[in-house]
Amino acid sequence: MFDSNLHIKIVTRFILTFFLAVLIFPQISNAQNKEVVAEKGDGIYRLLTRHGMSVSENMETFVKLNMDKLGKENSLIVGKKYKLPSTPVKTEKLSPAKATGKTVRYEIFGKEYENVEITSSELKGATYYLMAGHGGPDPGAVGKYNGKQVCEDEYAYDMTIRLARKLIKEGAAVYMITRDKNDGIRDESILKVDHDEVCYPNLKIPLNQTRRLKQRTDAVNKLHSNNRKGFSRMIALHVDSRPVGENIDVFFYHDKRSNTGEKAAKTLQKTFQDKYNQHQPGRGYNGTVSSRSLYVVRNTNPVAVYIELGNINHKRDIQRFILKDNRQAVANWLTEGMITDFKTNK
Ligand SMILES: [Zn+2]
């Protein structure tokens, strides 16, 4: 007899292991296809349907992936593990999360990171419009590292898209306003400079600053007009702060008319302060929150926070952003702050 308790235990352990693997080593598990066990009565149709996958879209790939494990006429063998095809591609928008535990594929994150498992519903109901600074014909601030050119827009983009992925994992709906079709999340130190970023959904970015800022502001407001009632934030990330002192930290700006914006900025700043104290005690942290008249903050309709993460021209800051782990830490810390903001600042 088939021991169904044991079966459940094995499946549970498998799911747990997978869940932990995703949390700790997202890059490793994302490169693999999820495996599922065939149950009594399962055919390909039933197995795919049970896992929320369209049969017509996935049948062919499923057969190819599992060729060596199929029975007569492509039947499934009970108890055997089968690979599921990666979920269908989402390109235009990063849609609201499906149920926790589901995996959604977003090409914009690049090959290594495109499969995103929704691991929690902490941000269910929140919508984020993420605006990486500059892009297209405008590289933003330009610095040098080991004789190589480093541009603000590439580093801002990498941290923004890491943030996008992290927010989706927590159940949020996310729109990348500045978009790059082929960069994805990049782990290299020196991020190659290109000029093919577009503005949501697929608009050529003008060089003229006023037109450029208006274009992305319009994109946010248009999307926001369909979602006025829900919780939403516009988050802009830059790496070209110009502080007076020696020590450069993270600066958070909000619209002076927005109390909610101020509270959101303070929540994010507090999260960074706590993280610095935890990871680099004694370093001292000079990040501030202030109001500033910035076009995209003034003119976008959702509550907005504009973040200067440092300066790509500053030697110490470059060293900070060159490391992929640091770029990921920025995304993780912001996500943590944004969860607090979502829960306490509605
Ligand atoms: Zn900038």
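1. Quick notes on the pattern of salt bridges
In step 1: Enumeration over the complete set of coordinates arrives at 23 salt bridges.
In step 2: Residues E154 and R186 are paired through a salt bridge, measuring 2.7 Å at the closest nitrogen-oxygen approach. In this pair, E154 is assigned in helix α5 (residues 152-169) and R186 in the loop between β10 (178-179) and β11 (198-199), connecting sequence segments 32 residues apart.
In step 3: In this structure E154 comes out as buried when scored by relative accessible area, which is 0%.
In step 4: In this structure, the salt-bridge partner of D255 is R257, at a minimum N-O distance of 2.7 Å.
In step 5: On the basis of relative accessibility, which here comes to 61%, the residue R257 falls in the exposed class.
In step 6: Via salt bridges that share partners, E39, D42, R46 and R50 belong to a single interconnected network.

2. Focus: the packing of α5 against helix α10 (residues 324-344)
In step 1: Orientation of α5 relative to α10, taken along the N-to-C sense of each, is 50°, at an axis distance of 8 Å. The pairing of α5 with α10 is recorded here as oblique in orientation. The hand of the α5/α10 crossing is right-handed. Judged by residue contacts, Y155, D158, M159, R162, L163, K166 and L167 of α5 engage K324, R327, Q328, V330, A331, N332, L334, T335 and M338 from α10.

3. A few points about α5
In step 1: Helix length check: α5 (18 residues) gives 26 Å between terminal C-alpha atoms against 26 Å at 1.5 Å per residue, within 8%.
In step 2: Most of α5 is tucked away: 17 of the 18 residues are buried.

4. Here we look at the sheet that holds strand β15 (residues 288-291)
In step 1: Reading across from one edge, β9-β6-β13-β16-β14-β15 is the order of the six strands in this open sheet, with mixed pairing throughout. Edge positions in the sheet fall to β9 (173-176) and β15, since each of these pairs with one other strand and no more. Ignoring which end each strand starts from, the neighbouring axes of this sheet average 20° apart.
In step 2: With four bridges connecting them, strand β6 (residues 126-132) and β9 associate as parallel partners. Following the sheet pairing, Y129 is matched in β9 by Y175.
In step 3: The sheet contacts of helix α7 (residues 259-279) involve β13 (231-238), β14 (251-254), β15 and β16 (303-308), and relative to β16 the element is tilted by about 35°.

5. Quick word on the environment of N33
In step 1: Along the polypeptide, N33 turns up in the loop between α2 (26-30) and β1 (35-37).
In step 2: Overall, the relative accessible area of 24% leaves N33 in the partly exposed class.
In step 3: Among the polar contacts made by the side chain of N33, one reaches the main-chain carbonyl oxygen of L84 at a distance of 2.9 Å.

6. Topic: the packing of helix α9 (residues 315-322) against α10
In step 1: One can describe the packing of α9 onto α10 by two numbers: an axis separation of 5 Å at closest approach and a directional angle of 85°. With respect to α10, the axis of α9 lies roughly perpendicular. Where α9 abuts α10, its residues Q319, R320, F321 and I322 lie against K324, N326 and R327.

7. Considering the coordination of the zinc ion
In step 1: Every protein donor of the zinc ion is listed here as H134 (NE2), E152 (OE), H238 (ND1), D240 (OD) and D240 (OD), and their distances to the metal cover 2.0 to 2.6 Å.
In step 2: The sequence motif formed by the donor residues of the zinc ion is H-x17-E-x85-H-x1-D. Here H134, found in the loop between β6 and β7 (142-145), pairs with E152, found in helix α5; they are 18 residues apart in sequence, far enough to count as distant.
In step 3: Given a relative accessible area of 0%, E152 falls into the buried group.

8. Structural notes on the confidence of the model for the chain
In step 1: Considering every residue of the chain, the mean pLDDT works out to 86; 85% of them sit at 70 or more.
In step 2: pLDDT under 50 marks residues 16-31. Its contacts with residues more than four places away, or in other chains, come to 18 contacts.

Reading guide: rules and limits
Residues numbered from 1 in each chain as written. Predicted model: local features only at pLDDT ≥ 70, side-chain atom pairs only at ≥ 80, totals over all residues. Heavy atoms only, no water. Salt bridge = Lys/Arg side-chain N within 4 Å of Asp/Glu carboxyl O. Helix = DSSP H or I, 4+ residues; strand = E, 2+ residues; numbered from the N terminus. Buried < 20%, exposed > 50% of the residue type's maximum accessible area, 1.4 Å probe, protein only. Axes fitted to C-alpha atoms, helices over the stretch in contact; angles between N-to-C directions. Parallel < 35°, antiparallel > 145°, perpendicular 65-115°, else oblique. Left-handed = near helix turned anticlockwise from the far one by under 90°. Contact = heavy atoms within 4.5 Å. Expected span 1.5 Å × (residues − 1). Pairing = 2+ DSSP bridges. Polar contact = N/O pair within 3.5 Å; in protein donor to acceptor, adjacent residues only side chain to side chain. Donors = N, O, S within 2.8 Å, 3.2 Å for Na, K, Ca; no water. pLDDT = per-residue confidence, 0-100.

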